Amino acid sequence: MKIISKGDFKSFVNALIMDSSLNVIGVKSKADKFAFGSLESADDLIMDYDVTLLPPKKYFFPQRETLVTYDVAKGFSAKDPVEKKPTVIIGVHPYDIVALLHMDEIFRETKSDPYYFEKRKSSIIIGVNIQKMSKWCFAAHMGCATIDHGYDLMLTDLGNRYAISIGSQKGELLLDKYAKNVQNALARDIQLVGQKKREVIAMTQQKLDFSPELIPELLSKSYEKSAFWEKHSEKCLACGSCVLVCPTCYCFDVKDNPDLSLEQGERVRTWDGCLLEDFAKIASGENFRPTRPTRYRHRYFKKGKYLYDRFGFISCVGCGRCSSNCLPDIANPVNLFNDMYHETKASGVQITPASTPEVNIQTEGNIDYVPRLATIVRKEVMTVYETLFEIKLDDGSELGHAPGQFVEVSVFGIGEAPISISSPPTKKDTFELCVRKLGNVTTKLHTLQVGDKVGIRGPFGKGFDPEALKNKDLLFIAGGLGLAPLRSLFNYVLDNRKDYGKVTLLYGCKEPRELLFTEELLALTKRDDVEYKPTVNWCPENEVWTGNIGVITTLIPQVEFNPETTYAIVCGPPIMYKFVIADLKSRNVHDDHIILSLERRMKCGVGKCGHCQINHVYVCKDGPVFNYSKIKGVPEAL
């Protein structure tokens, strides 16, 4: 530990500012509030603030950030390189340092986010122990009011001087190069720092009535208490302020921003929040978190349960920003958790700390946000709303997908959308996408012609496992556009027919004119190794239909199968699943013999943006193909 006078510390800060190779950030006053901003002089720096408006995460995960640039003539490319100045951030409170450590783990998992880490690695964090505490702060109760790692330098105010704890070689080199008259701390200085830290713990005005170790278990026992969540969310404005100021929120949206010529533009990501009404809405209009209570509940579960199960930490650091920014004053976690604790205790339910989760964080390279350029080589209009596109990657490579995976398809200037791959891996050189015209991206895609260019990212997600299904009887159940992702596995099975047992396809849609892949389906009627049964919900008077009339479940009693050897592969509109599963269960099909493909708003494809999250599951990387036995008890899944 080192000691520096406040005068020499000011000279140290000014020396940093004078070095043009550094970007120096510090806490500054903003009216009667405080905010991180660029320093022009050490006189601007305030170290005894209570809390900043926004956390320092904005320097690593900005509110608006360019991911990709594009030129219609040249294709997509990574954002233009900019000068990577090391950023020195001065005056970071311990709870915000803990939050950055949490963000590090989140942005590292599965695929590392290079945009976040290029800034993180070039940063130098100079923390300061809290001197004044916001009335909303409860960091002490979350174990985040003090910290002994995660910083490069940590300051403690000792009156006319600062004690400096050195946390990294970067911090030590910075101090050696720019600071003068730095002395070794004496024993009494070290003792005084310990006393100051204890004083911080005692500052808090917000107090949990229980140990935070109970939070994951408390939440688990409160999920189904709809009256509790309705009571606490009754005044929620769904404005998203609480999550937008949170130092550990990481949800984002991705949009294209074309220039006036429409020939060039950029793809940007912006902060988003799960409290916003359309956050969990998918292209077909279904919203898997449609009400204020469910969205309000998700916010608390994500921080206190889902991230705990995934990473082993409760991702609330007790900064209090959510409470101070909530207009109806309902976002205070302390009030909610205390109320939850006392209600649960009063009901006689035993509350014990949650078992420590097994955390196994793995990273497989970096996320590549830059799409590969591809060309439409065939376009086939199938219905009024669906068109089949055959696509070839311009670099000559194969897509390399598994049945059931999806790709992110980019249309210049419009954006990116997840589309399931309709063709099997046995189809080489090109791949097929069956696209329904719904949103901006898919509507524009329908106007493109053979020879036009698109961007492709992926393939993403976990698909079907054809190896595990070998020698099994397969019952395919497809509703509407659900036939498109099932077709990738179905055609793979037909291409390797001898490896599989009995194959049955049940396919339903609203009316005959909505049938997809009609020629392929007609060919199935001439095969003796496949049973095919179609149905429509209704048939208009002017159309000819000789097949079954009724919803998809009316076909299940018409087929014979052995539930011990049969695997049901199901895909269709969300409303279809619970009825199909119920009918399969009535035929004694085992839970682990039911395989489902789920649809969600998969914006990033790698479990970062949060839009496809259903409870603790990220559909884009944990799915979209799931064994029913694995998600049977997961609310919001079906």
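Residues numbered from 1 in each chain as written. Predicted model: local features only at pLDDT ≥ 70, side-chain atom pairs only at ≥ 80, totals over all residues. Heavy atoms only, no water.

So, about the packing of helix α9 (residues 292–311) against helix α11 (residues 333–346). Each pair of packed helices gets described by two things: the angle between the helix axes and the distance between those axes. The interhelical angle for the contact between α9 and α11, taken along N-to-C directions, is 90°, at an axis separation of 12 Å. In terms of orientation, α9 and α11 fall into the roughly perpendicular class. Listed contacts from α11 to Y296, R299 and Y300 of α9 are P333, L336 and F337. Within the contact of α9 with α11, the residues separate by chemical class into 5 nonpolar, no polar and 1 charged. (Axes fitted to C-alpha atoms, helices over the stretch in contact; angles between N-to-C directions. Helix = DSSP H or I, 4+ residues; strand = E, 2+ residues; numbered from the N terminus. Parallel < 35°, antiparallel > 145°, perpendicular 65-115°, else oblique. Contact = heavy atoms within 4.5 Å. Nonpolar A, V, L, I, M, F, W, Y, C, P; charged D, E, K, R; others polar.)

In space, the 8 strands of this open sheet follow the order β3-β2-β6-β8-β9-β10-β1-β11, with mixed pairing throughout. Each having just a single partner strand, β3 (33–38) and β11 (183–184) make up the two edges of the open sheet. Two elements, strand β6 (residues 87–92) and strand β8 (residues 123–128), share 5 bridges in a ladder whose sense is parallel. Across the sheet, the residue bridging to T87 is S123, located in β8. (Pairing = 2+ DSSP bridges.)

On to the domain arrangement of the chain, then. The assigned domain composition of the chain is domain 1 (2–202), domain 2 (212–346), domain 3 (371–460) and domain 4 (473–597). Between the C-alpha centres of domain 1 and domain 4 there is a distance of 58 Å. (Domains from an automatic or database assignment.)

Ordered by their spatial adjacency, 7 strands build an open sheet running β24-β23-β22-β21-β25-β26-β29, and the pairing between neighbours is mixed. Two strands in the sheet have a free side with no partner beyond their single neighbour: β24 (548–549) and β29 (625–627). When strand β21 (residues 473–479) meets strand β25 (residues 566–571), the two strands line up parallel, connected through 6 bridges. In the strand pairing of β25, A478 is matched with C571. On the sheet, helix α13 (residues 483–495) packs against β21, β22 (503–509) and β25 and is oriented at approximately 155° with respect to β21.

Here we take up helix α12 (residues 440–447). All of the buried residues in α12 are V441, T442, L445 and H446. For α12, the buried positions fall inside an angular range of 135° around the axis, keeping them on one side. Residues of α12 that are buried sit in contact with β15 (372–381), β16 (386–393), β17 (406–411), β18 (415–420), β19 (431–436) and β20 (453–460). (Buried < 20%, exposed > 50% of the residue type's maximum accessible area, 1.4 Å probe, protein only. Arc of directions from axis to C-beta.)

Okay, the packing of aromatic side chains next. Under the criterion given, the structure shown has 25 aromatic pairs. Centre to centre, the rings of Y70 and F412 are 5.7 Å apart; their planes meet at 45°, and the pair counts as tilted. On the criterion of sequence distance, the pair formed by Y70 in strand β4 (residues 64–71) and F412 in the loop between β17 and β18 is long-range, its members being 342 residues apart. Just as Y70 is buried, F412 falls in that class too. (Phe/Tyr/Trp six-rings, centres within 6.5 Å; stacked < 30°, edge-to-face > 60°.)

Judged from the 7 bridges that link them, strand β12 (residues 252–258) and strand β13 (residues 264–271) form a sheet pairing that is antiparallel. Note on β13: the bridge partner recorded for N257 is E266. Hairpin connection, β12 to β13: the antiparallel pair is bridged by 5 residues, and L262 has positive phi, about 65°.

Relative to the helices and strands, K58 resides in the loop between β3 and β4. In this structure, K58 is buried with no salt-bridge partner, the nearest side chain bearing the opposite charge being D96 at 10 Å. There is a polar contact of 3.1 Å between the side chain of K58 and the backbone oxygen of F36. The residues contacting K58, other than those within four sequence positions of it, are F36, Q63 and W271. (Lys, Arg positive; Asp, Glu negative; His and termini not counted. Salt bridge = Lys/Arg side-chain N within 4 Å of Asp/Glu carboxyl O. Polar contact = N/O pair within 3.5 Å; in protein donor to acceptor, adjacent residues only side chain to side chain.)

Here we come to the environment of V381. Position of V381 relative to the elements: it lies in strand β15. Given the relative accessible area of 60%, V381 is considered exposed. When neighbours within four sequence positions are excluded, V381 is seen to be in contact with E386 and T387.

This part is about the packing of helix α2 (residues 94–108) against helix α3 (residues 114–121). Between α2 and α3, the shortest axis-to-axis distance is 10 Å and the interhelical angle comes to 140°. Accordingly, the angle class assigned to the pair α2 and α3 is oblique. Handedness of the α2/α3 crossing: left-handed. Seen from α2, the contacting residues are L100, L101, M103, D104, F107 and R108; seen from α3, they are Y116, F117 and R120. Here the contact of α2 with α3 is built from residues that sort into 6 nonpolar, no polar and 3 charged. (Left-handed = near helix turned anticlockwise from the far one by under 90°.)

This part takes up the nonpolar core. A general tendency of soluble globular proteins is for nonpolar side chains to be buried together. F476, I477 and V570 are the most contacted members of the largest nonpolar core, which totals 159 residues. The residues contacting F476, other than those within four sequence positions of it, are L486, L489, F490, V493, V503, T504, L505, L506 and I569. Among the nonpolar cores identified, the runner-up in size contains 25 residues, and V24, L39, I126 and L175 belong to it. (Core = buried A, V, L, I, M, F, W, Y, C linked by side-chain atoms within 4.5 Å.)

Here helix α5 (residues 187–203) contains 17 residues, and its C-alpha end-to-end distance of 25 Å stays within 8% of the 24 Å for a straight helix at 1.5 Å per residue. Taken together, the buried positions of α5 are occupied by D189, V193 and V200. Projection of α5 onto a plane perpendicular to its axis shows the buried side chains occupying an angular sector of 50°, all on one side. Facing away from the buried surface of α5 by more than 90 degrees, the exposed residues are A187, R188, Q191, R198 and A202. Contacts made by the buried residues of α5 are with β1 (2–5), β9 (153–157) and β10 (161–166). (Expected span 1.5 Å × (residues − 1).)

Under the definition given, this model contains 43 salt bridges. The residue R310 makes a salt bridge to E109 at a minimum N-O spacing of 2.9 Å. Of this pair, R310 sits in helix α9 while E109 sits in the loop between α2 and β7 (110–112), and the two are 201 residues apart along the sequence. The same class applies to R310 as to E109, namely buried. Taking the shortest distance from any N to any O, the salt bridge between D253 and K603 comes out at 3.2 Å. Residue D253 is located in strand β12, and its partner K603 is located in the loop between β26 (594–597) and β27 (613–614); the two are separated by 350 residues in the primary sequence. For D253, a relative accessible area of 8% gives the class buried. Salt bridges linked by common partners bring R378, E380, E390, K427, E432, R487 and E520 together as one network.

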